[in-house]
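# Residue-level structure breakdown
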Amino acid sequence: MNSIANQDRLILRNLAYKKLNHALSDQNKEILQKWKNLSERKRDSPTVRLLFSNFQNEVIGSRISCTDARARKIEWTLLQSMVGRELFNDDTPVSDTFDITWQTTVSPFGLKPHTVHANGTMGFHIEPVIHDLTTELDKLRGGFFHVNREATKVYFDTVQDILGDILTVRMTMGSLSGALTSPLVYLMGMENFFYAMIDCPAQLHEAMDLACSVYERFYDYLEQEQLLLPTNGISSVSQESFAFTNELPADHVTKTTECWGFLESQETTAVSPEMYGEFVYPYQDRLVRRFGLLSYGCCERVDDLFENYLSKWDKLRRLSVSPFNQEERIGSYLRGTGIIYYSKPRAEYVTNPGPLDEEAIRECFKKIAQAASGCLLEIAQREVGTIYGDFERGRRYVQLAKETISEYWKP
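Here the structure is a predicted model, which is why all the values come from computation and not from measurement. (Residues numbered from 1 in each chain as written. Predicted model: local features only at pLDDT ≥ 70, side-chain atom pairs only at ≥ 80, totals over all residues. Heavy atoms only, no water.)

## Some words on the overall build of the protein chain
The line we're drawing: Runs of H or I in DSSP of at least four residues are treated as helices and runs of E of at least two as strands, each being numbered from the N terminus. Radius of gyration: C-alpha atoms only; globule rule: 2.2 Å multiplied by the number of residues to the exponent 0.38. Each residue is assigned to one of three classes by its accessible area relative to the maximum for its type, calculated with a 1.4 Å probe on protein chains only: buried under 20%, partly exposed between the two thresholds, exposed over 50%. Contact definition: two residues touch when any of their heavy atoms are within 4.5 Å. Method for areas: the Shrake-Rupley scheme with a 1.4 Å probe, in which residue coverage is limited to the protein chains shown. When charges are counted, neither His nor the chain ends are considered; positive counts come from Lys and Arg and negative counts from Asp and Glu. We put the charge of a Lys on NZ, of an Arg on CZ, of an Asp on CG and of a Glu on CD.
Across its full length, the protein chain holds 15 helices and 15 strands. For 411 residues, the compact-globule estimate of 2.2 N^0.38 gives 22 Å, and the protein chain sits close to it at 22 Å. Considering only C-alpha atoms, the protein chain reaches an extent of 60 × 55 × 45 Å along its principal axes. Burial status across the protein chain gives 52% buried among its 411 residues. The contacts in the protein chain between residues at least 6 apart in sequence include a share of 77% that link residues at least 24 apart. Per element, the accessible surface of the protein chain, about 18300 Å² overall, is 49% carbon and sulfur. Each charge class in the protein chain was averaged separately, 45 positive and 56 negative side chains, and the resulting centres sit 5 Å apart.

## Details of the packing of aromatic side chains
Stated formally: Side-chain rings of Phe, Tyr and Trp, where Trp is taken by its six-membered ring, are said to pair if the distance between their centres is within 6.5 Å; with planes under 30 degrees apart they count as stacked, over 60 as edge-to-face, and otherwise as tilted. Look at NZ for Lys and CZ for Arg. If either is within 6 Å of the ring centre and within 35 degrees of the ring normal, a charge sits over the ring.
Summed over all chains, the structure comprises 17 aromatic pairs. Between Phe 145 and Phe 218 the ring centres are 5.3 Å apart and the planes differ by 50°, which places this aromatic pair in the tilted class. Of the two residues, Phe 145 is situated in strand E6 (residues 144–148) and Phe 218 in helix H9 (residues 201–224); the sequence distance between them amounts to 73 residues. Classification of Phe 218 by relative accessible area gives buried; the value is 8%. Here the aromatic cluster, defined as three or more aromatic residues joined through ring pairs, consists of Phe 145, Phe 218, Tyr 219, Tyr 221 and Phe 291. Residue placement shows Lys 73 over the ring face of Tyr 155; its charged tip is 4.0 Å from the ring centre.

## What to know about the nonpolar core
Just so we agree on the cut-off: Take the buried residues of types Ala, Val, Leu, Ile, Met, Phe, Trp, Tyr and Cys, join any two whose side-chain atoms come within 4.5 Å, and each joined set is a nonpolar core.
Core analysis: the largest hydrophobic core is formed by 110 residues, its most contacted members being Phe 88, Phe 98, Leu 140 and Tyr 296. Residue contacts for Phe 88: discarding those within four places in its chain leaves Leu 50, Phe 52, Phe 55, Val 59, Val 83, Ile 387, Phe 391, Gly 394, Arg 395 and Val 398. Formed by nine residues, the second largest nonpolar core is a distinct cluster that contains Ile 31, Trp 35, Ile 234 and Leu 376.

## Brief notes about the sheet that holds strand E12 (residues 293–296)
How we decide: Here, any two strands with at least 2 DSSP bridges between them count as paired.
An order of E1-E15-E14-E13-E12-E11-E8 is seen for the seven strands of this open sheet, with the pairing classed as parallel. The strands lining the two open edges of the sheet, one partner per strand, are strand E1 (47–50) and strand E8 (176–177). Bridging between strand E13 (residues 316–321) and strand E14 (residues 340–343) involves four bridges; their strand directions are parallel. Across the sheet, the residue bridging to Ser 320 is Tyr 342, located in E14.

## Things to note about the pattern of salt bridges
Test applied: Salt bridges are counted wherever a side-chain nitrogen of Lys or Arg sits within 4 Å of a carboxyl oxygen of Asp or Glu.
Across all of its chains, the model carries 31 salt bridges by this definition. Of the charged contacts in the structure, one is a salt bridge between Glu 348 and Arg 346, with a shortest N-O distance of 2.7 Å. Salt bridges sharing partners connect three or more residues here, namely Arg 301, Asp 303, Asp 304 and Arg 329.

## Focus: unusual backbone geometry
Comment: phi is negative for the bulk of residues other than glycine, and the bulk of peptide bonds are trans. Positive phi values are uncommon outside glycine, yet Gln 239 reaches one of about 75°. Residue position: Gln 239 is located in the loop between strand E9 (233–237) and strand E10 (241–243). For Glu 383, which is not glycine, the phi dihedral falls at a positive 60°.

## Remarks on the environment of Thr 158
Structurally, Thr 158 can be placed in helix H6 (residues 149–163). Between the C-alpha atom of Thr 158 and that of Arg 70, which follows or precedes it by 88 residues, the distance is 8.6 Å.

## Quick notes on the packing of helix H7 (residues 181–188) against helix H8 (residues 190–199)
The angle between the axes and the distance between the axes are what describe a pair of packed helices. Put simply, the rule reads: Only C-alpha atoms enter the line fits that serve as axes; for helices the fit covers just the stretch in contact. Angles between N-to-C directions range over 0 to 180 degrees. Oblique is the label for every angle not falling under 35 degrees (roughly parallel), over 145 degrees (roughly antiparallel), or within 65 to 115 degrees (roughly perpendicular). Gly is placed with the polar residues, together with every amino acid not listed as nonpolar (Ala, Val, Leu, Ile, Met, Phe, Trp, Tyr, Cys and Pro) or charged (Asp, Glu, Lys and Arg).
It is at 7 Å that the axes of H7 and H8 come closest, and there the two elements cross at 110°. Our classification of the angle between H7 and H8 gives roughly perpendicular. Across the interface between the two elements, Thr 181, Leu 184, Val 185 and Met 188 from H7 touch Met 190, Asn 192, Phe 193 and Ala 196 from H8. Per-class residue counts for the contact of H7 with H8 are six nonpolar, two polar and no charged.

## Topic: the packing of helix H1 (residues 6–24) against H6
It is at 9 Å that the axes of H1 and H6 come closest, and there the two elements cross at 80°. Judged by the angle between their axes, H1 and H6 are roughly perpendicular. Of the residues in H6, those touching H1 at Arg 9, Leu 12, Arg 13 and Ala 16 are Asp 161, Ile 162 and Leu 163. For the contact of H1 with H6, the class distribution of residues is four nonpolar, no polar and three charged.

## Remarks on the side chain of Asn 325
Positionally, Asn 325 belongs in the loop between E13 and helix H12 (327–334). For Asn 325, a relative accessible area of 7% gives the class buried.

## Here we look at H1
Side chains three or four residues apart in an α-helix point the same way, a direct result of the helix having 3.6 residues per turn. Definition in use: How far a helix is expected to stretch is found by multiplying one less than its residue total by 1.5 Å. This arc corresponds to the set of directions leading from the helix axis out to the C-beta atoms.
Over its 19 residues, H1 runs 27 Å from end to end, which matches the ideal 27 Å to within 8%, given 1.5 Å per residue. Among all positions in H1, only Asp 8, Arg 9, Leu 12, Leu 15, Ala 16, Lys 19, Leu 20, His 22 and Ala 23 are buried. Considered in projection along H1, the buried side chains sweep an arc of 160° and stay on one side of the axis. More than 90 degrees from the buried face of H1, the exposed residues found are Asn 6, Gln 7, Leu 10, Asn 21 and Leu 24. Along its buried surface, H1 packs onto helix H2 (26–39), helix H4 (69–88), strand E2 (97–100) and H6.

## Remarks on the pairing of E9
Counting buried positions along E9 gives four out of five residues, so the element sits mostly inside the fold. Note that E9 and E10 share three bridges and pair antiparallel. By the bridge assignment, Gly 233 is partnered in E10 with Ala 243. Following E9, the chain reverses through three residues before pairing antiparallel with E10; Gln 239 in that reversal takes a positive phi of roughly 75°.

Here it is as structure tokens:
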């Protein structure tokens, strides 16, 4: 394998030193304490972050300097880990490590979806490859999973060679996943999925069981092959959060029940809680039994599901609260519990063109603060499509959010 040029290596090493300085700073220590307080169920200072997964080219791509593709991948990861600190001054913690995960693939049905994307936008249309489960169910029996050990080792060794004397290069693992409804909707389309609940419920149940079984076999494989890693501290929990907890091992794990898991079902927001309870909950419940702790939800409504379903999971520690929920209602459920109110505010206040409407932003976060008072509160501004390349816009937005939460949120 050809070595990476000295110029690219110098860029990467300089970034690694910068990351190390951030990790060792007093500001980072204060931020880490906030996260530890959340994990210990202390109602202290809520965390506030502006997430950039939908506008990465603005905050990372525009600043890439390396020329070698392998170096650019490492540079991207380093820059990504410091966006919250350098550009937005939010509460994203910075580690003194370079983290690498197993290169894995899990396909619960083994079919490739067909989507048509609109030019120049993130929007897309699903072209169903499954139209009728009564006649096409067998097409869904090809679920598989794969772990590419060799590619992971090559990447690990490359990073170790360049940065290992600056940052600890470590293997880590994100939360265990178990997407059930989204893979099926990507294959069927939303309408066909909804129709199946009425027209062929037995086949839909079988499809959900097929997907669930693939994940269960995957979890078994991770245990048998000793591929599990701790999910604690500054490691990833899906929906762009972190795994801080004092309830799970931080050094060594051998079972999935010692790890964080993540589930959601955005696609069933439009159906009744009873429909969710019939077609989704039983299969999610099987997966929850394999987790140590659970983070639940994406952009869906969870207010109508909490009492009869989600609250039954004593492993639930983080609940996504999107703007589509009755936020006060969620606050009443979570107040005084050990479940984090994971607030995902409306995105238009930062994405609307023109100057920030600071009054509207303050009012938005005032309502969140009041709804979540008495709750463990974590705020992550997701679903942002652009900040128009204006880093100061993002920084000011975070500042307004922090100031408002500090004024109105009560422990």
